[in-house]
Every structure is written in C-alpha cells, then in structure tokens.
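Residues per chain are reported as follows:
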Amino acid sequence: MAVPKRKKSRSRTASRRARWTTRPLPRSVCPQCHSLKLPHRACPNCGTYNGREILETE
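Student: I would appreciate a short explanation of the overall build of the chain in the present structure.
Tutor: Assigned secondary structure in the chain consists of one helix and four strands. Scanning the chain from its N terminus toward the C terminus, one meets helices and strands in the order α-β-β-β-β. Computed over C-alpha atoms, the radius of gyration of the chain comes to 22 Å, more than 25% over the 10 Å expected from 2.2 N^0.38 for 58 residues, which places it beyond the range of a compact globule. Judged by the C-alpha coordinates and their principal axes, the chain covers about 60 × 25 × 20 Å. Relative to all contacts within the chain whose residues are 6 or more apart in sequence, the contacts with residues 24 or more apart total 0%. Approximately 5,900 Å² of the chain is accessible, and the part contributed by carbon and sulfur atoms is 53%.

Right, here's the structure in full:
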C-alpha cells in the first residue's frame, strides 16, 4: 500500500482547500409567472413545468 513519504504542510493543505466555497444556486425565470425558480424543476409559485400545470397551488 502506498504511504506518503513526507507530511503535507498546513499551507499546502489550506491552499488546496481554498476552493471549498459555496456558490449561489443557479436560477432561471419561470415563463408563466416570471418568478425565480431552480432550473429543470416545477415552479413553486405557479406549479407549472414545461408549459403544463404539475403542482396544485392555491
């Protein structure tokens, strides 16, 4: 089994982990009600997806 020959320094580990940030979720505009929604999902506001009503909304 392979074993590291030298210990990785804290700065090397920290520079590798520097990209571990959270990014904002992508948003798209609903063509029916023009509110923001997640792409490829039914709109939580009006309940439509791909021009059809999928979810019942009040």
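Now that the structure has been shown, we can carry on.
Student: Mind showing me how you'd approach a positive patch on the surface here?
Tutor: Among the surface-exposed residues, Lys 8, Arg 12, Arg 16 and Arg 17 lie close enough to one another that they form a single positively charged patch. Its place among the elements puts Arg 17 in the loop between helix 1 (10-16) and strand 1 (28-29).

Student: Quick question: what am I supposed to make of a nonpolar patch on the surface here?
Tutor: On the surface, a cluster of nonpolar side chains totalling about 260 Å² of accessible area is made up of Tyr 49, Ile 54 and Leu 55. Examined against the element boundaries, Ile 54 turns out to sit in the segment after strand 4 (52-53). Relative accessible area serves as the criterion here: at 48%, Ile 54 is assigned to the partly exposed category.

Parameters at a glance
- Residues numbered from 1 in each chain as written.
- Predicted model: local features only at pLDDT ≥ 70, side-chain atom pairs only at ≥ 80, totals over all residues.
- Heavy atoms only, no water.
- Helix = DSSP H or I, 4+ residues; strand = E, 2+ residues; numbered from the N terminus.
- Rg over C-alpha atoms; globule rule 2.2 N^0.38 Å.
- Contact = heavy atoms within 4.5 Å.
- Areas by Shrake-Rupley, 256 points an atom, 1.4 Å probe, with all protein chains shown as cover.
- Patch = residues over 30% accessible without salt bridge, like charges linked within 9 Å, V, L, I, M, F, W, Y side chains within 5 Å.
- Salt bridge = Lys/Arg side-chain N within 4 Å of Asp/Glu carboxyl O.
- Lys, Arg positive; Asp, Glu negative; His and termini not counted.
- Charge placed at Lys NZ, Arg CZ, Asp CG, Glu CD.
- Buried < 20%, exposed > 50% of the residue type's maximum accessible area, 1.4 Å probe, protein only.

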